[in-house]
Each structure stands twice: as C-alpha cells, then as structure tokens.
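Read off the chains here:
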Amino acid sequence: MDAIADSLRHAVRASRECDPAVRTSLCTADVLDGCRCLIRLRDAPLRSAWPLALDALRLLRNLCARAPDVQARLLDEGVIDEVFGLLAWARAQPDRLASPAECALAARLCVQVVANALVGNARAQSYVWAAHFPRLIGELVGDADASVQSCACMCLFTCVRDDPSRQRALALSADALRPLARSAAGVVAARRRTAGGGGATVSSDARSRCPRESELEYSWALATVDLLLRSAELAALALATVGLTAGRDVRGTRGDGGAQGEEREPAAACLLDALDYLLEADEGAGGGAGRALDGTTSRLGTELAALLDALCDWDEAQYARALLDVRAAEPLLLARAIARVLGTAAAQRSDAVGAAAHAHGLVGGAAALLARLLAWAPLVLAKDGPVRLSTPSVAHGLKSTFVRFVANATYGDRRAQRALREGGALGTLLCCCRDDDENPQLREWALFAVRNAADACSENQAALAQIERAPRAVANARELEAAGMEVRVDRLSGKLRVHPRGAPVAAPIGDVPAATPPDARGGGGDGRTPVSYTHLTLPTKRIV
C-alpha cells in the first residue's frame, strides 16, 4: 500500500507539467485502470485506502488539462462515469469510510476532473450535458462548497459557450438558472464591496455566497450570465424563467423554492443585480447588456409598475413582516432590483427607460413608495422597538435605490418633472435629504433628485419655494411637551397635526416630526449649512 501511495504522489507531481505531451505519455492503460480501481475503493472496508482515491482524482485532474487525447480516453474508457459515481457517493457524505471533510474534498476533486475533461472536447460536453443537465449540474452550481460551485459554473460555461441551443435550454431551466443567478450575484456583491461602492444595495445573503477571492478577478458564474444577457431574446427568457413575469399577481409571495425557513434572495433579484453590474461595465454604449436591456425594458417597466402599485397598498404591519422574513419581502426586493437596473440605464441616457417610465408612471410610483417608506419606518420601530432584520436585510439600501432611480430618470425629462410636481413628491424628496445609516448616500442622491426636478422648471421651483415657506416647527414646544403632546408638520400643505407624544401615528405623505424637521433650505434639522433647492450647484451630468 505504501509503494502504491508513493507511486501515485510521484505521478501527481509529474502530471503538473504544462506540456500536454508529458501528460499524454503518463496516461497509459495501466494508469487509467489503476485510477478506476482506486476510485472504486469507496466500496471497500479499508478506510486507509481512501487517500489513494483522492490522489487518483488529483492525477486524473492534472492529466486531462488541455490534453485532448487524455480527455477522449477518459470518456471512451468510462472513467468519467466512475468520477460521477464517486461524486454522487461523496455528496451523500456516508460516514462509514470517510469524514465529511474528506467527502467534501472528494466532491471538489471530482468536479475539477470533469471541468478539465470538458474544455475543448465537444464529445465530452455533449455526453455530460445529455446525462446531467439540468438536475445534477444545477445542484452543483448551487452547492454550498465554493470550489464545487465555481468548477460547476466552469462546466456550465464550457458546455453552453458555443452552442445556442444549450444557451436557450439554460435560459429556460429554472433548476440551473436560479442557483447560477445567486452565484453571480454573490460575486457582484463582493466586487462592489471591494471597490467600495454599490454593494450596499445587494443583500448580505448574496455577499456571503461569493465563492473565493480569485472570483473577484474572473467568475465563471458571471461569465455564463453575461453570455445569456448579451442576447435580448435569451435575457427575456431568463428573466421569465426566474419569475419576473409581467402581469402576474405580485401581492403575494412568489417564492422560488428552498428549504423551509431558508432565507434567500429571490433569483430574479439576483439575476437583475448581475444585469445591473454588467450594464455598468458595458457603460451602455452598445454593450451586450445594454442591447439585452433594450429588449426587456418594457417588461421591466410593466413589472415595476405592478410591484409599486401593490407595495403602495401595504401598511406598516406588512412592512414590519417583510423586515423580519425575506420571503414576505420578495416584492420589495424585486422592486429594488428593477429600480437599480433602470436607474443605471437612465444614467446612461437610455431612451427606452424614459419611455417606459412615462408609460407606466414609474417616477411618480417610486416617489409614492418612498413616502410610505418614510412613514412606515418610525411606526414599526415605535411599535416593536429594535427588530432583528432578516438576512438579507430588506431595509438596507431600499430608499437610496428608489431615490437614485428618481434622480436619474428625472434628469432633463420634463415629463418626469411634471409627474413629481403633480404627485406631490417634491416634499418627499426633501424629506430624504438627511443621512441614513441603512441607506448610504441617500442625502446625496436626494439632493441630486431635487436639483434635477428643479432644473429649468419654473413650476417646480415655485413649488419648492412654497414648501420652503411652510412652517417647520412650533414656537411653544416646551408647553406642548409638558402637556404630553407633540406636533407634526405636513411638509406639503404646511398644516399642523397634534397628537400624544410617543404614540405611533400614521403620518400623511410628507409628514415629519416637528421637533427635528429636515430644513427646507437643505439642512437636516441639525444646524448644517442650508442649501437653496431652487438654485442647486451640482454636476450637470447623470451619476451612475
């Protein structure tokens, strides 16, 4: 046994040579037969033989890398089938012969063997695709082990890269596409976090699923999603497959499976996060993601309009439930993901986004939801006190994403400016001009949104000036406090409302506590330097 182990270790070291000719010379019939026998040792009652099977997998992995002759022999002589058999055994994690850690290592090595065997080998790709797509490949793409997940995505990319029919099959397969979207979203979140921007709007669940540091440089999952999203037809099919279907009832939960009680980001939101990242990378200038977006903008606009209508019918109890259970928050998460994509496209001067926003009233709908989010948050905290937020945190980046969409969609668009004024949303934007720990850059985006709403629009400037003249506090606050009362000021109408101090009161749109109102001239009620909203001096280009 020791002699076999020494020979295997020597062969593994020798097989690391980059020259395919060296690998081919090592791949003799005796070596393949020996590896096949060692892989079958999983059925033997000898625990000491298990490391030999792992070394055999390492040898096969190295031998078939960029070596077409070796790849063909592994397929023709049934070694690939033996590897898949060991993979199924290892994923079942029987503890009769191996520990969970050893089984996990065996699963990683098995997928690495398959991944190397598929590169450049059309016959092997066809065989594996026919035998194991979508069930097993989808399971491996969604595996909890980062290395298994990454190598499975490599297998998937290799199979679909040059085959349009397989790309279409992937776009139509929920079993494979949903875990692929989540894997890609994890990479996107990690890249944004590493770059120091944008990651705030991506769930912590997605961040935790980022495979490895090497994935920050190149990701097979993101490359596969990019391949799909570079075709408008495939992008539309993929979005429908993961659950983004315009016209469906969005008032209830539309979960996409998972273990009972498992908190997971909706696959549709994950795919949209990847689309948004690819759109930013392409910069919208004729890039693949931009072309795909042009073909799906109408669908996204219809879906977002339906989501906004449903969410505006919520009350604070439904919002509180969404904060605690991500499954109940699916409409919020989907709306946030779509708003982020459309906000990025609007920043890149997409005419299709402007047309969709006007046709579906998206700017006014987003502002109406913002007003409700401002009203719900203090009521939820007042009733329940500090709450344990769900994972992913639904509230994180929620308001800033919608304000960003409104800001970019309003830039140079008279129709959007009018929608904000007629919908009474200017006061809502003013209420967002304050710092918020849950919403990074909320104040900056709100300032940009107000600037765009007032730019070359005398009607909106007059409306903002009227809000500026409205009352912001009461003169006898101490007397009211002594009486156990407090006043809220409606930022839109200027009217005052009196109610018992500390009592949760459903505030009308635009209401804020009179004790610490946002300064209508730009301050946050904390003495900061005021800004004139009718004459903001800000960059005159859109911000991504």
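Here is a short report on the structure shown in this document. This is a predicted model, so every value here is computed, not measured.

1. Side note on the overall build of the protein
Counting its regular elements, the protein contains 27 helices and three strands. Across the 544 residues that make up the protein, the buried fraction comes to 54%. Within the protein, counting contacts between residues at least 6 apart in sequence, those at least 24 apart form 75% of the total. Accessible surface, the protein as shown: approximately 22,500 Å² in total, 52% of it carbon and sulfur.

2. Some thoughts on the packing of helix H6 (residues 79-92) against helix H7 (residues 100-118)
Where H6 contacts H7, the two axes come as close as 8 Å, and the packing angle between them is 150°. Considering the angle they form, H6 stands roughly antiparallel to H7. You can see that H6 and H7 cross each other, and the crossing is left-handed. In contact with Ile80, Val83, Phe84, Leu86, Leu87, Trp89, Ala90 and Arg91 of H6, H7 contributes Cys103, Ala106, Ala107, Cys110, Val111, Val113, Val114 and Ala117. Taken together, the residues that form the contact of H6 with H7 break down as 15 nonpolar, no polar and one charged.

3. Describing the environment of Ser231
In this fold, Ser231 is placed in the loop between helix H14 (220-229) and helix H15 (232-241). With relative accessibility at 23%, the residue Ser231 sits in the partly exposed group. As for Ser231 and Ala289, which are separated by 58 residues in sequence, their C-alpha atoms are 8.0 Å apart.

Calculation rules
- Residues numbered from 1 in each chain as written.
- Predicted model: local features only at pLDDT ≥ 70, side-chain atom pairs only at ≥ 80, totals over all residues.
- Heavy atoms only, no water.
- Helix = DSSP H or I, 4+ residues; strand = E, 2+ residues; numbered from the N terminus.
- Buried < 20%, exposed > 50% of the residue type's maximum accessible area, 1.4 Å probe, protein only.
- Contact = heavy atoms within 4.5 Å.
- Areas by Shrake-Rupley, 256 points an atom, 1.4 Å probe, with all protein chains shown as cover.
- Axes fitted to C-alpha atoms, helices over the stretch in contact; angles between N-to-C directions.
- Parallel < 35°, antiparallel > 145°, perpendicular 65-115°, else oblique.
- Left-handed = near helix turned anticlockwise from the far one by under 90°.
- Nonpolar A, V, L, I, M, F, W, Y, C, P; charged D, E, K, R; others polar.

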